[in-house]
Amino acid sequence: MRKYLLKRVFYMILTLFLVATITFFLMKLMPGTPYSNQQKMTAQQIQIMNEQYGLNKPMWMQYLIYLGGMLHGDLGVSFQFSNQPVSYLIASRIGASAQLGIQAMIFGVVLGIVIGSIAAVNKNTWIDTLCTILSIIGKSVPNFVLAVLLQFYIALKLGWFPIADWGGFSYTVLPTIALGVGPLAETARFIRTGMVDVLNSDYIELAKAKGMSRYGIVWHHALRNSLIPLVTLIGPYTVALMTGSMVIENIFSIPGIGEQFVKSILTNDYPTIMGVTMLFSAGLVAVILLTDIIYGIIDPRIRLSGSGD
Amino acid sequence: MAERILDVKNLKIDFHTYAGDVKAIRDVSFHLDKGETLAIVGESGSGKSVTTKSLMGLLANNAEVTGGSIMFHDQDILKKSEKEMQNIRGKDIAMIFQDPMTSLDPTMRIGQQIAEPLIKHKHVDKKKAWSQALDLLKLVGITDAEERIKNYPHQFSGGQRQRIVIAIALVCYPEILIADEPTTALDVTIQAQILELMKELQEKIETSIIFITHDLGVVAGMADRVAVMYAGQIVEYGTVDEIFFNPQHPYTWGLLNSMPTLSSTKLEAIPGTPPDLLDPPKGDPFVARNPYAMKIDAEQRPPFFKVSETHYAATWLLHPNAPKVTPPDEIIRRRQTFKDIMAHKAI
Ligand SMILES: Nc1ncnc2c1ncn2[C@@H]1O[C@H](COP(=O)(O)OP(=O)(O)OP(=O)(O)O)[C@@H](O)[C@H]1O
Ligand SMILES: [Mg+2]
């Protein structure tokens, strides 16, 4: 198990290194420069600025300096946001993004499991059809459309929650729903399919033959077995939540990383782009490892073959 | 006389399908006495599983019981609500399924799977249930049970898993154990061990067994009585000796003829296929495959003719006016043995 984990961590680091390298060079290919008012600057001013930010050095040297800094946890200084260190920028904004992401994930997955299970237990009834229709709608409506609809009807018309901005919990409700509905629909669909299969299996028949009640069977036997395929979705969800949050954070004016990321791309703020990309990648790689660990917890067959590795 | 614990009378079950109503069980009656083993044999699709599922109240959603009664002691199982059935299943009537590889929940420790019926029916706490589960696990012959009780199903072989399934079925000491082809999925040596175990436990736990199989070979050593099923009906029933050595129905002849024995030179499968139960024949359902069929077989369903106090067969060949026919050689040989057995018993 230890050896297995060490191997996994090594591959994680390798992945991050590759991501850093590719992003660095791709970013340099982006058109434009970091200076928003370049037309008004003299050649000399640009020269001085370039020197100050190390942009006049050869590309490979910039790359090495960047990598070296990253090894020390130094992600450089933002060009855009009043010259703050990127690590500080990220730290000050990660809270909002993380809270939103986690809330959306819990909201989506938990409700998705409940709805999917109800649909499976009531297979081929109107309840099942209703759940299916809802999950198709949830999956096909883009989250930014939903966000705007929620803002208009729930916030503006009904006034139940604030339209935008970031304050207490009530500010998080609408963006959480907007962000979570995608995963919710997907989870519901997945659990429904999985559980219909599971409910047809022999061990469910045996559970019935033991005299267990319908809900006892779902709770003790069907749910855990239906969750196994869901674990594979955690990775894609995380990506969806990260990218989704960029738009949603913008719409709801939430001071999160996504919002900052969009701005940094528009302004060629190289260090911030790199920093956020690295953060997202690290998050994703960690989620993949986490997925495998969760797999092992839910499915004993995998747990044991993993430890034999 | 032995205590009668189960009495099935004129049971009729239809399945509603898009193609029409499948008349899967067509007037089936049988009984089960305390402590005995009844084998139900018959080809695939003859209705064995449907019959046993109706005893458990576990019929598919599209099934409809259109007639009959299933008396368990003095209560009709067919009149019970789902809630009431949940209190009978696993406690009074338990079941073992065919495939041990898929009968156990892959994500639950086997200790918990054995303990579950106890927690549900006997309302014992988890600790006590696990300690009883451990006793059962030892009883069904799992070595190193203290350790193995914490394992998951995939850590056991097929034979061991079937032992665990048996432990689950017996943990509440049920009055009736239904075993639906419990050894079909296992290889021959393991089969014998499992059958041996079932007989041994039947003595200890004093349960009655309904043993379903399409393999007459395993019936001889297991059962006290045999019911032969064909196309949703029972066509012959009697004691093991009567069915094996003095069979009367041509379908039973066919089954015995297609069974390998020491003396048989060649195996003869019954030609043809069972009738379509969407539109069953109105006479003897075996008529199309019966080399001894008479005109009346196609027109009228034969009643049960009494052969002995315990032996009945539904074939027109037993009618006093029917012509005498010569059964296959194998059957004649068997009847000779039967005479010896009877003579032996008479002494
Ligand atoms: N849910 C169902 N819907 C429609 N027909 C069904 C259903 N369940 C069983 N049947 C039909 O009922 C008949 C009896 O099936 P059953 O499963 O009892 O056979 P069996 O004797 O157990 O056969 P096997 O030896 O293959 O297990 C078959 O013709 C089958 O097609
Ligand atoms: Mg069957």
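What you see is a predicted model, and the numbers here were worked out from it, not measured in a lab. (Residues numbered from 1 in each chain as written. Chains lettered and ligands numbered in written order. Predicted model: local features only at pLDDT ≥ 70, side-chain atom pairs only at ≥ 80, totals over all residues. Heavy atoms only, no water.)

### Considerations on the overall build of chain B
Spelled out, the test is: Numbering of helices and strands starts at the N terminus; helices are DSSP runs of H or I of at least 4 residues and strands are runs of E of at least 2. Note that the radius of gyration is over C-alpha atoms, with the globule rule given as 2.2 Å times the number of residues to the power 0.38. Exposure classes here rest on a 1.4 Å probe applied to the protein chains alone. A residue is buried below 20% of its type maximum, exposed above 50%, and partly exposed in between. Throughout, a contact is declared for two residues whenever any of their heavy atoms are within 4.5 Å. Accessible surface area values rest on a Shrake-Rupley calculation with a 1.4 Å probe, where residue burial reflects the displayed protein chains alone. For the purpose of charge, His is not counted, nor are the chain termini; Lys and Arg are scored as positive and Asp and Glu as negative. To locate a charge, take NZ of a lysine, CZ of an arginine, CG of an aspartate or CD of a glutamate.
Counting its regular elements, chain B contains twelve helices and twelve strands. Radius of gyration (C-alpha) of chain B: 21 Å, near the 20 Å computed for a compact globule of 347 residues. Summarising its shape, the C-alpha atoms of chain B cover approximately 70 × 45 × 40 Å along the three principal directions. A buried classification covers 53% of the 347 residues belonging to chain B. Residue pairs at least 24 apart in sequence account for 66% of intrachain contacts in chain B once pairs closer than 6 positions are excluded. Surface summary for chain B: the accessible area is close to 15,500 Å², and the carbon and sulfur share equals 53%. Side chains of chain B give 39 positive and 45 negative charges; the mean places of these two sets differ by 2 Å.

### Points about the interface of chain B and chain A
By a frequent convention, interface size equals the accessible area lost on bringing the separate parts together. Formally: Accessible surface is computed with a 1.4 Å probe, and the buried area is the amount of it that two parts give up when combined, taken over both parts together. We define a salt bridge as a contact between a side-chain nitrogen of Lys or Arg and a carboxyl oxygen of Asp or Glu at a distance within 4 Å. In protein, a polar contact requires one atom able to donate a hydrogen and another able to accept it; more generally it is a pair of N or O atoms within 3.5 Å, and residues adjacent in sequence count only if both atoms are side-chain atoms.
Taken together, the contact pairs 28 residues of chain B with 21 residues of chain A. For the pair chain B and chain A, the summed buried area comes to about 2,000 Å², and 59% of that belongs to carbon and sulfur atoms. Among the residues chain B hides against chain A, the three largest losses belong to P106, T107 and E116 of chain B. Together they make up 25% of the total. Put simply, chain B and chain A have one salt bridge between them. Here K210 of chain A makes a salt bridge to E116 of chain B, at a shortest N to O gap of 2.9 Å. Our count for the chain B to chain A interface comes out at twelve residue pairs in polar contact (both at pLDDT 80 or more).

### Focus: the nonpolar core
As a reminder of what qualifies: For our purposes a nonpolar core is just a set of buried Ala, Val, Leu, Ile, Met, Phe, Trp, Tyr and Cys residues, chained together by side-chain atoms within 4.5 Å.
Counting residues in hydrophobic clusters, the biggest one holds 75 residues, and the most contacted among them are L6, F30 and I210 of chain B. When residues of this core are assigned to their parent elements, the largest contribution, seven residues, is made by helix α6 (residues 158–170) of chain B. Excluding its chain neighbours within four sequence positions, the residues that come into contact with L6 of chain B are F30, H31, L32, L55, I70, M71, F72, I176 and I210 of chain B. If you look at the next biggest cluster of nonpolar residues, it comprises 36 residues, including A120, L146, L241 and I254 of chain A.

### Notes on the sheet that holds strand β2 (residues 20–33) of chain B
All names here are of chain B. The cut-off we apply is this: Should DSSP find at least two bridges between two strands, the strands are taken to pair. Axis lines are fitted through C-alpha atoms, for helices just across the contact stretch, and the angle between N-to-C directions can take any value from 0 to 180 degrees.
Strand order in the open sheet formed by four strands is β2-β1-β4-β5, and the pairing between neighbours is antiparallel. Looking at strand neighbours, the two that pair on one side only are β2 and β5 (75–76), the edges of this open sheet. Bridge count between strand β4 (residues 63–72) and β5: two bridges; the pairing is antiparallel. By the bridge assignment for β5, F72 is matched with Q75. Contacting β1 (4–17), β2 and β4, helix α1 (residues 48–56) crosses the sheet at an angle of about 115 degrees to β1.

### Description of the site of ligand 1
All names here are of chain B. Short version of the rule: Note on terminology: near, applied to a residue and a molecule or strand, indicates that one of the residue's heavy atoms is within 4 Å of it. Side-chain classes are defined by residue name, with Ala, Val, Leu, Ile, Met, Phe, Trp, Tyr, Cys and Pro counting as nonpolar, Asp, Glu, Lys and Arg as charged, and the others, Gly among them, as polar.
Not every one of the 15 residues close to ligand 1 is listed here, only the nearest: S44, G45, K48, S49 and V50. Contact between ligand 1 and N62: a nitrogen atom at 3.0 Å from a side-chain N or O atom of the residue. Here an oxygen atom of ligand 1 and a side-chain polar atom of E181 are 3.1 Å apart. Summarising the interface, the protein chains cover 67% of the accessible area of ligand 1, which totals 640 Å² for the free molecule. Listed by contribution, the elements that provide at least two residues to the shell around ligand 1 are β1 and α1. If you tally residues by element for the shell around ligand 1, the top one is α1, at three residues. Among the residues forming the shell around ligand 1, the class breakdown is five nonpolar, seven polar and three charged.

### Considerations on the environment of D105 of chain B
Relative to the helices and strands, D105 of chain B is located in the loop between β6 (93–96) and α3 (110–121). Note on D105 of chain B: relative accessible area 1%, which makes it buried. Along the primary structure D105 of chain B and P153 of chain B are separated by 48 residues, whereas in three dimensions their C-alpha atoms are 7.2 Å apart. Aside from chain neighbours lying at most four places away, what touches D105 of chain B is Y203, H220, H221 and N225 of chain A together with Q113 and P153 of chain B.

### Focus: helix α12 (residues 329–346) of chain B
Residue and element names in this part refer to chain B. Basically, it comes down to this: The length a helix should cover is 1.5 Å for every residue beyond the first. To be clear, the arc concerns the directions from the helix axis to the C-beta atoms.
Taking 1.5 Å per residue, 18 residues should reach 26 Å; α12 reaches 26 Å between its end C-alpha atoms and fits that length. Those residues of α12 that sit buried are E330, I331, R334 and F338. Down the axis of α12, the smallest arc covering the buried residues is 85 degrees, so these residues share one side. Exposed side chains of α12 directed beyond 90 degrees from the buried face belong to D329, K339 and A346.

### Remarks on the UniProt feature "domain: ABC transporter" (unreviewed entry) in chain B
Note the following rule: UniProt positions are given in the numbering used here, feature names are shortened, and annotations may be inferred rather than shown by experiment.
UniProt feature "domain: ABC transporter" (unreviewed entry): in the numbering of this structure it lies at residues 8–256 of chain B. Secondary structure across residues 8–256 of chain B comprises 39% helix and 28% strand; the distance between its end C-alpha atoms is 26 Å.

### Description of the sheet that holds β6 of chain B
Residues and elements named next belong to chain B. One open sheet accounts for eight strands, arranged β6-β7-β8-β3-β9-β10-β12-β11; its pairing is mixed. Among the strands making up the open sheet, the edge pair consists of β6 and β11 (305–306). Examined bridge by bridge, strand β10 (residues 233–239) and strand β12 (residues 312–313) share two bridges and lie antiparallel to one another. Within β12, the residue paired with Y237 across the bridge is Y312. Helix-sheet contacts for helix α7 (residues 188–205) involve β3 (37–41), β7 (176–180) and β8 (208–213), and the interaxial angle to β8 is about 160 degrees.

### Re the domain arrangement of chain B
Residues and elements named next belong to chain B. Condition: Where a domain begins and ends is set by an automatic assignment or by a domain database.
Entries for chain B in the domain assignment read domain 1 (4–223) and domain 2 (250–346). Taken together, the contact between domain 1 and domain 2 spans 15 residues of the former and twelve residues of the latter. Summed over both partners, the interface of domain 1 with domain 2 buries about 1,100 Å², with 58% contributed by carbon and sulfur atoms. It is R26, E43 and L216 in domain 1 that bury the most area against domain 2; as a group they hold 50% of the surface buried on that side. In this structure, the connection of domain 1 to domain 2 is made through two salt bridges. Put simply, D27 and R301 hold a salt bridge, and the shortest N to O gap is 3.6 Å. One can count four residue pairs in polar contact (both at pLDDT 80 or more) joining domain 1 with domain 2. Among the elements of the structure, β2 and α8 (216–222) are those that each provide at least two residues to the side of domain 1 that touches domain 2. Looking at the side of domain 1 that touches domain 2 residue by residue, the classes come out as five nonpolar, five polar and five charged.

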